[in-house]
Amino acid sequence: GTKTLDGGALMNQASHYVDLMTWLNGKIKSVSAIDSTSLKIEAEDTIALNMKFDNLAVGSMSVSMHAFKKNFEGSITVIGEKGLVKIGGVAVNKVEHWEFLDRDPIDDKIMNKSYDVDSIYGKGHFIYYKELAKSLNNEVSSIPSGQDGITSLEVIIAAYQSAKSNKLISLPIIE
């Protein structure tokens, strides 16, 4: 929970949700955020972001370390004029809603892609390490690029700048 070593709710617990937001919606144009710290840590324990994407979509994200008893949910919902999707569960592991104006044969297969997890970390780290090994062995890999990581980090830094200054932050902030 320190600002210099590990960060707070957004940097430490929710950075992969920022990855998902940019992967699903594209480049983020601007960020505004508010945060709060009531735990005995230096960094934020709760943060809410509003984001505007280059494609003019608007997104929001809320992160808190104050879940009663255990991690309640990690979800992402996309609401559009031609469809609705919610991937939920404790580790973004359950397809809860998948509906589009135009049906596709793959829709039924996607609804069956949910899986159970023993913890919030799900099965993602094991899959990531397999992909990392492929990449290191010069095999075809779906591992994100270094630029993808920088993009997400830039959004997180912009959120922190916005929360501190109470201003909208335009991206890119790193040139």
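Heads up: these notes are all about the structure in this document. (Residues numbered from 1 in each chain as written. Predicted model: local features only at pLDDT ≥ 70, side-chain atom pairs only at ≥ 80, totals over all residues. Heavy atoms only, no water.)

## A word on the environment of Ser114
Here is step 1: Mapping Ser114 onto the fold places it in the loop between helix H3 (106-111) and helix H4 (124-136).
Here is step 2: Not counting chain neighbours up to four residues away, the residues in contact with Ser114 comprise Asn93, Lys94 and Val95.
Here is step 3: Side-chain polar atoms of Ser114 contact the backbone nitrogen of Val95, separated by 2.8 Å. (Helix = DSSP H or I, 4+ residues; strand = E, 2+ residues; numbered from the N terminus. Contact = heavy atoms within 4.5 Å. Polar contact = N/O pair within 3.5 Å; in protein donor to acceptor, adjacent residues only side chain to side chain.)

## Overview of the pairing of strand S4 (residues 76-80)
Regular strands show a simple pattern: their side chains alternate between the two faces of the sheet.
Here is step 1: Note that S4 and strand S5 (residues 83-88) share five bridges and pair antiparallel. Bridge pairing in S5 links Thr77 to Lys86.
Here is step 2: In sequence, S4 turns back onto S5 through a hairpin of two residues. (Pairing = 2+ DSSP bridges.)

## Digging into the pattern of salt bridges
Here is step 1: Inspection of the entire model under this criterion finds six salt bridges.
Here is step 2: The shortest N-O distance in the salt bridge between Lys86 and Glu96 comes to 3.3 Å. Note that Lys86 is positioned in strand S5 and Glu96 in strand S6 (residues 94-100), a separation of 10 residues in sequence.
Here is step 3: Of the charged contacts, one joins Arg103 and Asp107 as a salt bridge, the two residues approaching to 3.7 Å between their closest N and O atoms.
Here is step 4: Overall, the relative accessible area of 5% leaves Asp107 in the buried class.
Here is step 5: Through salt bridges with shared partners, a single ionic network connects Glu73, Lys86 and Glu96. (Salt bridge = Lys/Arg side-chain N within 4 Å of Asp/Glu carboxyl O. Buried < 20%, exposed > 50% of the residue type's maximum accessible area, 1.4 Å probe, protein only.)

## Quick look at helix H5 (residues 146-165)
Residues spaced three or four apart along an α-helix face the same direction, because each turn holds 3.6 residues.
Here is step 1: Relative to the 28 Å expected for 20 residues at 1.5 Å per residue, H5 spans 28 Å between its end C-alpha atoms, a close match to the ideal helical length.
Here is step 2: As for H5, its buried residues are in contact with helix H1 (9-13), helix H2 (15-25), strand S1 (28-36), strand S2 (46-53) and strand S7 (169-170). (Expected span 1.5 Å × (residues − 1).)

## Examining the sheet that holds S1
Here is step 1: Pairing is antiparallel across the open sheet formed by four strands, whose spatial order is S3-S2-S1-S7. Edge strands, defined here as strands with exactly one partner in the open sheet, are strand S3 (58-64) and S7.
Here is step 2: Each of S1, S2 and S3 is contacted by H2, which is oriented at about 165° to S3, the strand it contacts most.
Here is step 3: The strands touched by H5 are S1, S2 and S7; relative to S1, the strand with the most contacts, the crossing angle is about 55°. (Axes fitted to C-alpha atoms, helices over the stretch in contact; angles between N-to-C directions.)

## Notes on H2
Here is step 1: Residues Ser15, Val18, Met21 and Thr22 constitute the buried set of H2. Considered in projection along H2, the buried side chains sweep an arc of 110° and stay on one side of the axis. When the buried face of H2 is taken as reference, the exposed residues oriented beyond 90 degrees from it are His16 and Trp23.
Here is step 2: In this structure, the buried residues of H2 make contact with H1, S1, S2, S3, S4 and H5.
Here is step 3: A positive phi of about 95° marks Gly26, the residue just after H2. (Arc of directions from axis to C-beta.)

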